[in-house]
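For reference, the chains in residue letters:
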Amino acid sequence: MILCQITDLHIRPPGSLAYGRVDTNGFFDNAVTELARQTPAPDVYLLTGDLTDSGRADEYAVLAGGIARLGKPAYLLPGNHDDRAAMRLAFPAARYLQSDSPYLQYRVDLGGLALIALDTVVARQAHGVLDSERLAWLRAHLDTTTPTVIAMHHPPFATGIAHMDEVGLLEGGAELESLLRRHHNIERIVCGHLHRSIQARFANTFASTCPSPAHQITLALDPQARSSYRMEPPGYHLHVWHDGRLVTHGGVFGEFAGPYPFRDPGPT
Ligand SMILES: [Fe+2]
């Protein structure tokens, strides 16, 4: 079972650029085109937030069109740029999004692997939280045996990119870690928000963030570094569930020379 994670798409109203510069809709279109022709095709997609740049209906309509082209189940969770009500309206057939809860949290079965999505969003704020209500929901939906992937937009660990940590998960990370220390069946915590690939040990598992299919946050570990982005290669993660182990591959979108066989082509 191949779970493809894409994150931080920042889809814009058609015809506009993010920050006046980044054609996020064009990058999303490229990502969909490449993913749709992969063999073997991913079985399921997981989109870990900042699906849109401003939570508008016309942005979610672009997202819905891309997901339809992928032709596989897609599970969405909100990031700080999203709007829960607009997401619910844009995806009325996504039963996992339709609940009485103010939060978009759900547990689904991916065929031997459970996916638990946590909603870390604070409306109109860049940072995230896991308050007692959301953690209580998680406690009630965890078991101790099913291999489980937890997805959340804001990673539960400080990354060392200071300006992003200032708008990271500011509440509930320690409580989440102590809860997960009592579990040995959490295969991974997969996150977005950072627009680049970062890994850390967390409780008894690994936590990771995934690149964006558009712009990446600059790798800047100087605590004084200002917030900025770079047009590094856009990317995604493939989490492959095979033989009782989840193996994560980082992929990049774009045209590159090759593939070439590992042999000398000889004189021509
Ligand atoms: Fe983002």
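The structure reproduced in this document is the subject of the present report. From a predicted model like this one, the values you see are computed outputs, not experimental measurements. (Residues numbered from 1 in each chain as written. Predicted model: local features only at pLDDT ≥ 70, side-chain atom pairs only at ≥ 80, totals over all residues. Heavy atoms only, no water.)

1. Side note on helix α2 (residues 57–70)
No. 1: End to end, α2 covers 20 Å across 14 residues, agreeing with the expected 20 Å (1.5 Å per residue, within 8%).
No. 2: For α2, the complete set of buried residues consists of Glu 59, Tyr 60, Leu 63, Gly 66, Ile 67 and Leu 70. Seen along its axis, α2 keeps its buried residues to an arc of 115°; they face one direction. Exposed residues lying more than 90 degrees from the buried face of α2 are Ala 57, Ala 61 and Ala 68.
No. 3: Where α2 is buried, its residues touch α1 (24–36), β2 (44–48), β3 (74–77) and α3 (84–90).
No. 4: Taken from the residues just after α2, Gly 71 is the one with a positive phi, measuring 70°. (Helix = DSSP H or I, 4+ residues; strand = E, 2+ residues; numbered from the N terminus. Expected span 1.5 Å × (residues − 1). Buried < 20%, exposed > 50% of the residue type's maximum accessible area, 1.4 Å probe, protein only. Arc of directions from axis to C-beta. Contact = heavy atoms within 4.5 Å.)

2. Some points on the pairing of strand β4 (residues 106–109)
For a regular strand, the rule is simple: side chains alternate between the two faces of the sheet.
No. 1: What you see with β4 is a clean split: Tyr 106 and Val 108 sit on the buried side and Arg 107 and Asp 109 on the side with no burial.
No. 2: Of the pairings in the sheet, the one linking β4 to strand β5 (residues 114–118) comprises 4 bridges and is antiparallel in character. What sits directly across from Val 108, in β5, is Leu 115.
No. 3: Two successive antiparallel strands, β4 and β5, enclose a turn made up of 4 residues, where Gly 111 displays a positive phi of approximately 90°. (Pairing = 2+ DSSP bridges.)

3. Structural notes on the coordination of the iron ion
No. 1: On the protein side, the iron ion has Asp 8 (OD), His 10 (NE2), Asp 50 (OD) and His 195 (NE2) as donor atoms, found 2.1 to 2.3 Å from it.
No. 2: Around the iron ion sit 4 donor atoms, and with donor-metal-donor angles ranging over 88 to 176° the site reads as irregular.
No. 3: Motif for the iron ion, donor spacing along one chain: D-x1-H-x39-D-x144-H. (Donors = N, O, S within 2.8 Å, 3.2 Å for Na, K, Ca; no water. Tetrahedral: all angles 85-135°; square planar, octahedral: opposite > 155°, others 65-115°.)

4. Things to note about the pairing of β2
No. 1: The element β2 is largely enclosed, with a buried count of 5 among its 5 residues.
No. 2: The alternating pattern of β2 places Val 44, Leu 46 and Thr 48 and Tyr 45 and Leu 47 on opposite faces, both of which are buried.
No. 3: Tracing the backbone out of strand β1 (residues 2–6), into α1 and back to the parallel element β2 gives a crossover that is right-handed.
No. 4: Viewed along the sheet, the connection from β2 through α2 into β3 turns out right-handed. (Right-handed = clockwise from strand over helix to strand, strands pointing away.)

5. Section: the side chain of His 215
No. 1: Position of His 215 relative to the elements: it lies in the loop between β11 (205–209) and β12 (216–217).
No. 2: In this view, His 215 contacts His 10, Tyr 19, Val 22, Thr 24, His 195, Tyr 229, Arg 230 and Met 231; residues no more than four positions away in its chain are not counted.

6. Regarding the state of the cysteines
No. 1: Counted according to the given criterion, the structure contains 0 disulfides.
No. 2: The thiol sulfur of Cys 210 is not disulfide-bonded, and the nearest other cysteine sulfur, from Cys 4, lies at 7.8 Å. (Disulfide = S-S within 2.5 Å.)

7. A short note on the pattern of salt bridges
No. 1: Applying the stated rule across the entire model yields 11 salt bridges.
No. 2: Arg 12 is the partner of Asp 53 in a salt bridge, and the nearest nitrogen-oxygen pair spans 2.9 Å. Here Arg 12 lies in the loop between β1 and α1 and Asp 53 lies in the loop between β2 and α2, a separation of 41 residues in the sequence. Both residues of the pair, Asp 53 and Arg 12, belong to the buried class.
No. 3: Between Arg 56 and Asp 58 there is a salt bridge, and its shortest N-O distance comes to 2.6 Å.
No. 4: Residue classification places Arg 56 among the partly exposed positions, given a relative accessible area of 40%.
No. 5: In this structure Asp 58 comes out as partly exposed when scored by relative accessible area, which is 28%.
No. 6: Residues joined by salt bridges that share partners form a network here, namely Arg 84, Asp 119, Asp 131 and Arg 134. (Salt bridge = Lys/Arg side-chain N within 4 Å of Asp/Glu carboxyl O.)

8. Describing the packing of helix α4 (residues 132–141) against helix α6 (residues 173–180)
No. 1: Where α4 contacts α6, the axes come no closer than 11 Å and their chain directions differ by 15°. Regarding the angle of α4 to α6, the classification is roughly parallel. Pair α4 / α6 crosses with right-handed handedness. On α6, the residues touching Leu 135, Leu 138 and Arg 139 of α4 are Glu 175, Leu 176 and Leu 179.
No. 2: The residue inventory of the contact of α4 with α6, partitioned by class, reads 4 nonpolar, no polar and 2 charged. (Axes fitted to C-alpha atoms, helices over the stretch in contact; angles between N-to-C directions. Parallel < 35°, antiparallel > 145°, perpendicular 65-115°, else oblique. Left-handed = near helix turned anticlockwise from the far one by under 90°. Nonpolar A, V, L, I, M, F, W, Y, C, P; charged D, E, K, R; others polar.)

9. Quick notes on the environment of Gln 98
No. 1: Among the structural elements, Gln 98 can be located in the loop between α3 and β4.
No. 2: The spacing of Gln 98 and His 249 is 151 residues in sequence and 31 Å in space, taken between C-alpha atoms.
No. 3: Once you skip the residues sitting within four places of it in the chain, Gln 98 turns out to touch Arg 88, Phe 91 and Pro 92.
No. 4: Within the structure, Gln 98 has its side chain in polar contact with the backbone oxygen of Phe 91 (distance 3.0 Å). (Polar contact = N/O pair within 3.5 Å; in protein donor to acceptor, adjacent residues only side chain to side chain.)

10. Some thoughts on the sheet that holds strand β14 (residues 235–242)
No. 1: The strand order across the open sheet built from 5 strands is β3-β2-β1-β14-β15, with neighbouring strands paired in mixed fashion. Lying at the two open borders of the sheet, with one neighbouring strand each, are β3 and β15 (245–252). The mean angle between the axes of side-by-side strands here comes to 20°, regardless of whether they run parallel or antiparallel.
No. 2: As judged from the 4 bridges shared by β1 and β14, these two strands associate in the antiparallel manner. The residue bridging Ile 2 from the neighbouring strand is Val 240, located in β14.

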